[in-house]
Amino acid sequence: MLANNLLKQRQSVYILNGLTKQFSAAAAAEVKSSQRVADKSLGETLDNEWQYGKPYKSLPGPTKLQLVRGFLKGGEFHGKPFDIVIRECRQRYGDIYLLPGMFGLPTNLVTFNLADHEKVFRTEGSYPARPGFEVVAYYRLSRKNSMYTDEYMGVAGDGENWGKFRHMVNPVLMQPKNTKLYIEPLQAVNKEFIERIRHLRDPKTLEVPPTFLYDINRLSLESVAHIALDKRMGLLQNQPLSDESKAIFDNLFSFGDAIYELGVQPSIYKYIKTPAYKRFEKSMDIIYEICQKYVAETLERLEKNPPAEGEEKSILEKLLKIDRKMAIISAIDLLMGGVEITSTVLSAIFLCLAKNPAKQEKLRQEILTNVGRHEDFSIENMKNLPYLRACIKEALRIYPVIFGNVRISGRDLNLSGYQIPKGTNIFMASNMLLKEAKYFPKPLEFIPERWLRSIEPGMEEFSSKNINPFIFLPFGFGPRSCLGKRIVDMEMEITVANILRNFNMEYHYPTENAFRTYFMNTCVLPLKFKFSDLK
């Protein structure tokens, strides 16, 4: 913090003096020196805290035997979603406890304490270690004749090799200036989605079928595939799917289930290929082969018809120019991570807006005023949609994508009064606090205004200035934040805006227990939305 403040002060001084943006060697050395002082001070504070912590072995939690019995048929956790298991353990053991690892899986520390979360994030280092993808890493390294190596593991990687990989990808996928690359393909897909809604809905009731989530999944996959693979899959057209499109669609959604079945619940897949692992392996093989084929087709097309000088390249073309293996792995990671997340978030936003007509109309007026009824979306006209982004944030608060964030501790820490050694798997259950009145006034109400920078009269108690910065991290934190965040953000904004400038949305059914949590949240309601054309 000290170094960051000094850096900002130096920048301001140099700009005011009309100097260049480059710091002098002396200024840079001063910043580095201040950073070392700050790091040393923090380290000394944490070391001092450690001395007064209770032993790690004294942490509460179930035994290995209790946990195994709990997940077996007839056990207290059998068939229950992950969030229910975590909540029941919290009621029994408190805000910090251990879930013992079995069959080669590590023990996990679960904490609901936001002060703990901040310590973990602040000390995670340059290459944060994020557990939870062990099954993906195991699959990738055991796959024969594969491009996967320690240097090319994508989302499943760790350490310096992961850092190098991410450094190659970030300039294309994470830079705000590249957001314009997503707008045109997402608009094209969304226009098809509007027509699909008109085709699907009942001509009398104007309700779509209860299987509408299936169509939201189609939209998500079509959008992400268009960006990640530079390929239209035809998932929103009213005609039979190609074999390859159907294969990707049918196998992609096994990823979240596998993370829970093989990474959280007790599993012996590393010793014996269990049915759950075989399903996961088969699905990943299919996705791998099809993605590799599509990337090869793009390479062949580019060799025959290279883009003209100055012509804007697609995301895949930019990645291929850097590294072919990295491009394929990034495309697969985007599909695995982006599609299911986008479907979950869109389901949540649709439910919130359909059940809150006044908020929906307020958002619609913002969209019509700043974008228009039929105009194309652009970087410029989407800058002035703060209420749209506030609605998306509030929907993510009410229906978060996952339970929180996971890390491996980067150093010895005192968390909630206990000595937690370096290398401990830590589940930070921040998203399970999002509907507690302690952190959010009127937590069960959909109040997008709480996320606006400009506080509206009478809304002062909901100001986001009062929100703990470590409680709402829907796309993670720091260097290991979601790789597809900007794509998902743009897809959500364009989809919601396009829906509301074409339709009024209603939902006349209960919304209790709308989502079930395994590793990611999944909507389990029949989404029979009523879509009425705007006059």
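Model, not experiment: these values are computed from the prediction.

**Student:** Kindly report on the overall build of the protein, identifying the contributing residues and their values.
**Tutor:** Of the regular secondary structure elements, the protein holds 17 helices and ten strands. The C-alpha atoms of the protein give 24 Å as radius of gyration, which agrees with the globular expectation for 535 residues (24 Å, within 12%). In terms of its C-alpha atoms, the protein occupies a principal-axis envelope of roughly 75 × 70 × 60 Å. Counting all 535 residues of the protein, 52% fall into the buried class. In the protein, once contacts between residues fewer than 6 apart in sequence are set aside, the share between residues at least 24 apart is 73%. Looking at the protein as shown, the accessible area adds up to about 25000 Å², and 53% of this sits on carbon and sulfur atoms. Placing the 73 positive and 62 negative side-chain charges of the protein at their respective mean positions leaves the two points 2 Å apart.

**Student:** Could you give an account of the packing of aromatic side chains, naming the residues involved and the relevant values?
**Tutor:** For any pair of aromatic rings, the description rests on two quantities: the centre-to-centre distance and the angle between the ring planes. Inspection of every chain in the model, using the stated rule, returns 27 aromatic pairs. Relative to Phe477, the ring of Phe121 lies with its centre 4.5 Å away and its plane at 40°, an arrangement referred to as tilted. Of the two residues, Phe121 sits in helix H5 (residues 114-122) while Phe477 sits in the loop between strand E6 (425-428) and helix H17 (485-500), which places them 356 residues apart along the sequence. Here the aromatic cluster, defined as three or more aromatic residues joined through ring pairs, consists of Phe193, Phe212, Phe350, Phe503, Tyr507, Tyr509, Phe529 and Phe531. In this arrangement the basic side chain of Arg90 is found over the ring face of Phe112, its NZ or CZ atom lying 4.2 Å from the centre. For the cation-ring pair, Arg397 lies above Phe440, with the distance from its terminal atom to the ring centre recorded as 5.2 Å.

**Student:** Let's hear about helix H9 (residues 212-228): which residues, and what values?
**Tutor:** One turn of an α-helix holds 3.6 residues; hence residues three or four places apart share an orientation. A rise of 1.5 Å per residue sets the reference length of H9, with its 17 residues, at 24 Å; its end C-alpha atoms lie 24 Å apart and thus fit the reference within 8%. The buried count for H9 comes to 16 of 17 residues, which makes it a mostly enclosed element. Just downstream of H9, Asp230 is the residue with a positive phi angle, here 55°.

**Student:** How would you summarise the UniProt feature "binding site: heme" (unreviewed entry) in the protein if you had to cite specific residues and measurements?
**Tutor:** Sites flagged by UniProt as "binding site: heme" (unreviewed entry) map to Cys482. Tracing the chain through its elements places Cys482 in the loop between E6 and H17. Residues within four places of Cys482 in sequence aside, it is in contact with Arg166, Met174 and Phe475.

**Student:** Give me the side chain of His117: which residues, what numbers.
**Tutor:** Inspection of the secondary structure puts His117 in helix H5. A relative accessible area of 1% places His117 in the buried class. If near-sequence neighbours (up to four positions away) are discounted, His117 is found in contact with Thr111, Phe112, Met428, Ala429, Ser430 and Phe470.

**Student:** Summarise the environment of Arg407; cite the residues concerned and give the values.
**Tutor:** Along the chain, Arg407 turns up in strand E3 (residues 405-408). Engagement of the side chain of Arg407 in a polar contact is seen with the backbone oxygen of Phe477, the distance being 2.8 Å.

**Student:** Can you explain the side chain of Asp116? Please cite residues and give values.
**Tutor:** By secondary structure assignment, the location of Asp116 is in helix H5. One buried charge, Asp116, has no salt-bridge partner; the nearest side chain with opposite charge is Lys119, at 5.3 Å. Here Ser416 takes part through its side chain, which lies 2.5 Å from a polar atom of the side chain of Asp116. The residues contacting Asp116, other than those within four sequence positions of it, are Ile96, Thr111, Leu415 and Ser416.

**Student:** If you had to explain the nonpolar core to someone new, which residues and values would you point to?
**Tutor:** Side chains of nonpolar character tend, in soluble globular proteins, to be buried together. Among the nonpolar cores identified, the biggest contains 149 residues, and Phe212, Leu351, Ile499 and Phe529 are the most heavily contacted of them. Top element by residues in this core is helix H14 (residues 324-354). It accounts for 20 residues. Residues within four places of Leu351 in sequence aside, it is in contact with Tyr399, Tyr507, Thr511, Ala514, Phe515, Cys523, Leu525, Leu527 and Phe529. Residues Leu46, Ile96, Phe121 and Leu415 belong to the second largest nonpolar core, which totals 15 residues.

**Student:** Explain H17 to me, and be specific about the residues and the numbers.
**Tutor:** With 16 residues, H17 should cover 22 Å at 1.5 Å per step; its first-to-last C-alpha distance of 23 Å lies within 8% of that length. Buried residues dominate H17, accounting for 14 of its 16 residues.

**Student:** Can you lay out the sheet that holds strand E2 (residues 108-111) for me, pointing to particular residues and giving the numbers?
**Tutor:** The strand order across the open sheet built from four strands is E1-E2-E6-E3, with neighbouring strands paired in mixed fashion. Looking at strand neighbours, the two that pair on one side only are strand E1 (96-99) and E3, the edges of this open sheet. Along the sheet, successive strands turn relative to each other by an average axial angle of 25°, direction set aside. Direction of pairing for E3 relative to E6: antiparallel, over a ladder of four bridges. Bridging from a neighbouring strand, Arg407 pairs with Ile426 of E6.

Here is what the cut-offs are and how they apply
Residue numbers here run from 1 along each chain, matching the order of that chain's written sequence. Residues qualify for local features only when their pLDDT is at least 70, as the model is predicted, and side-chain atom pairs are given and counted only at 80 or more; totals for whole chains, interfaces and linings, by contrast, use all residues. Hydrogens are left out, water is left out, and the side-chain values use all remaining heavy atoms of the structure. Helix and strand assignments come from DSSP, with helices taken as H or I runs of at least 4 residues and strands as E runs of at least 2, each series counted from the N terminus. Only the C-alpha atoms count toward the radius of gyration. The rule for a globule is 2.2 Å times the residue count to the power 0.38. Only protein chains enter the accessibility calculation, which uses a 1.4 Å probe; a residue whose area is less than 20% of its type maximum is buried, one above 50% is exposed, and one in between is partly exposed. Note on definitions: a residue-residue contact is assigned when non-hydrogen atoms from the two residues lie within 4.5 Å. Here the open area of atoms and residues is found with the Shrake-Rupley method and a 1.4 Å probe, where only the protein chains shown may cover a residue. All tallies of charge rest on Lys and Arg as positive and Asp and Glu as negative; His and the ends of each chain are not included. By convention, charge coordinates are those of NZ in Lys, CZ in Arg, CG in Asp, or CD in Glu. In summary, the pairing rule links any two rings of Phe, Tyr or Trp, Trp by its six-membered ring, whose centres are within 6.5 Å, and it sorts them by plane angle into stacked for under 30 degrees, edge-to-face for over 60 and tilted for everything else. Distance and angle both matter: a charge sits over a ring if NZ of Lys or CZ of Arg is within 6 Å of the ring centre and within 35 degrees of the ring normal. Each residue after the first adds 1.5 Å to the expected span of a helix. UniProt positions are given in the numbering used here, feature names are shortened, and annotations may be inferred rather than shown by experiment. Think of a polar contact as two N or O atoms within 3.5 Å of one another; within protein, one of them needs to be a possible hydrogen donor and the other a possible acceptor, and neighboring residues in sequence only count if both atoms come from side chains. What makes a salt bridge here is a side-chain nitrogen of Lys or Arg within 4 Å of a carboxyl oxygen of Asp or Glu, nothing more. Here the nonpolar core consists of buried residues drawn from Ala, Val, Leu, Ile, Met, Phe, Trp, Tyr and Cys, with membership extended through side-chain atoms lying within 4.5 Å. In this analysis, strands are considered paired if DSSP registers two or more bridges between them. Each axis is a line fitted through C-alpha atoms, and for a helix only the stretch in contact is used; angles between axes span 0 to 180 degrees, taken between their N-to-C directions.

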